[in-house]
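Understanding the architecture of this molecule
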Amino acid sequence: MFPSTVARVPQHTADYINEQIQQETEDRVARIAAAGPDLIERRLVDLDYEWDIERMLEANAAALTATGSALALISDRRFAILPLIVGGFLLQHAVQGWCPPMPVLRRLGFRTQSEIDYERYALKVLRGDFRDLPTAQGDGTGAEQVLEKVRH
C-alpha cells in the first residue's frame, strides 16, 4: 500500500530530523509571538514564498533533466543517462515518498507543505484569526482544535 500524500515524506525521514524541524518551527513561532503582531504579518508573507520539499525536488529534477538532455544532444549521448536516473528518482518519490536527494534536503531544513501550514496556522491563531470559531462542544474558541488538526 502507498503512504498518504501528507505522511509520506515524514515517514521516510529520520525521526530526529522530523523532531528538529518541528522544534525549529515551534521555537520560531514562540520568538515571533514575543516580538509582536508586525512580525507575525511579515512571517505570514514569508511563508507564502517558502519553497516546500516537493517544489525543491521538482525544480532540481527539471534542471538536471534539461542539463542532461542538452549535454546528450550537443556533447555526448552518454549524458542521456542523467535524465533517466532523475526521472526514476522522481517516480520513486511520487510513489513511495522517498528518493536519494530527500534526506539531504530534509537535513537542510526543507519542510513539507503540511509543516509550513502548521506554522502558518499557529501564527494565525496568535493573530486571533480563529478567536470566534466555536469548538465541537461549543464552549469557547476552537483555535487549539485547529492547531491540533493541522499538526496531524
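All figures in this text were calculated on a predicted structure; none of them were measured in a lab.

Thoughts on the overall build of the protein chain
Helix and strand counts for the protein chain stand at eight helices and zero strands. When its helices and strands are written in sequence order, the protein chain yields α-α-α-α-α-α-α-α. Counting across all 152 residues of the protein chain, residues that qualify as buried make up 31%. Looking at the protein chain alone, contacts between residues at least 24 apart form 65% of all its contacts between residues at least 6 apart. A total of about 9,700 Å² of accessible surface is found on the protein chain, and carbon and sulfur atoms cover 59% of it.

Some remarks on the layout of surface pockets
The volume enclosed by the second largest pocket comes to roughly 160 Å³. In this structure, the second largest pocket is lined by Leu57, Asn60, Ala61, Leu64, Leu82, Ile85, Val86, Phe89, Leu90, His93, Cys99 and Pro101. Contributing elements (two or more residues each) for the lining of the second largest pocket: α4 (53-74) and α5 (81-96). Broken down by element, the residue count for the lining of the second largest pocket peaks at six residues, all from α5. Considered class by class, the residues forming the lining of the second largest pocket number 10 nonpolar, two polar and no charged.

Points about the packing of aromatic side chains
One pass over the full model with this rule turns up one aromatic pair. Ring centres 6.1 Å apart and planes at 35° place the aromatic pair Tyr121 and Phe130 in the tilted group. The class for Tyr121 is partly exposed, based on a relative accessible area of 28%.

A few points about helix α7 (residues 113-127)
With 15 residues, α7 should cover 21 Å at 1.5 Å per step; its first-to-last C-alpha distance of 21 Å lies within 8% of that length. Those residues of α7 lying buried are Glu115, Ile116, Tyr118, Glu119, Arg120, Ala122 and Leu123. Positioned one or two residues after α7, Gly128 has a phi angle of 100°, which is positive.

Some points on the confidence of the model for the protein chain
Predicted confidence across the protein chain gives a mean pLDDT of 90, with 88% of residues reaching 70 or more. Of all secondary-structure elements in the protein chain, the lowest mean pLDDT belongs to helix α8 (residues 143-151), at 61, while α4 reaches the highest, 97.

A few points about the side chain of Arg106
Structurally, Arg106 is set in helix α6 (residues 102-107). A relative accessible area of 1% places Arg106 in the buried class. Of note is the side chain of Arg106, whose polar atom sits 2.7 Å from the side chain of Asn18. What Arg106 contacts, discounting residues up to four positions off in sequence, is Val9, Pro10, Thr13, Ile17, Asn18, Ile21, Ile53, Arg111, Thr112 and Glu115.

Conventions we followed
- Numbers given for residues are sequential positions, taken from 1 along each chain in its written order.
- The model is predicted, so local features are restricted to residues of pLDDT at least 70 and side-chain atom pairs to those at 80 or more, both for listing and for counting; the totals for chains, interfaces and linings are taken over all residues.
- No hydrogens and no water enter the side-chain calculation; it runs on all heavy atoms of the structure.
- Put simply, DSSP H or I for four residues or longer makes a helix, DSSP E for two residues or longer makes a strand, and each gets a number counted from the N terminus.
- Buried, partly exposed and exposed residues are distinguished by accessible area as a fraction of the type maximum, computed with a 1.4 Å probe on protein chains only: under 20%, between the cut-offs, and over 50%, respectively.
- Working rule for contacts: check all heavy atoms of both residues, and any pair within 4.5 Å makes them a contact.
- For the area figures, the Shrake-Rupley method with a 1.4 Å probe applies, and any residue is considered shielded solely by the protein chains shown.
- With a 1 Å grid spanning the protein atoms alone, the term cavity applies to any set of points in which a 1.4 Å probe fits but cannot get out, the term pocket to an open set with protein on both sides within 12 Å along at least five of seven lines, and the term lining residue to any residue with an atom within 4 Å of a point.
- Grid points are joined across faces, edges and corners, and a volume is the space filled by probe spheres set on the points.
- Side-chain classes follow a simple rule in which Ala, Val, Leu, Ile, Met, Phe, Trp, Tyr, Cys and Pro form the nonpolar group, Asp, Glu, Lys and Arg form the charged group, and the remainder, Gly included, forms the polar group.
- Pairing of aromatic rings covers Phe, Tyr and Trp, the last counted by its six-membered ring, and requires centre-to-centre distances within 6.5 Å; plane angles under 30 degrees mean stacked, over 60 mean edge-to-face, and any other angle means tilted.
- The length a helix should cover is 1.5 Å for every residue beyond the first.
- You can read pLDDT as the predictor saying how much it trusts each residue, on a scale of 0 to 100.
- Under this definition, polar contacts are N or O atom pairs within 3.5 Å; protein pairs additionally need one hydrogen-donor-capable and one acceptor-capable atom, and for neighbouring residues in sequence, both atoms have to be side-chain atoms.

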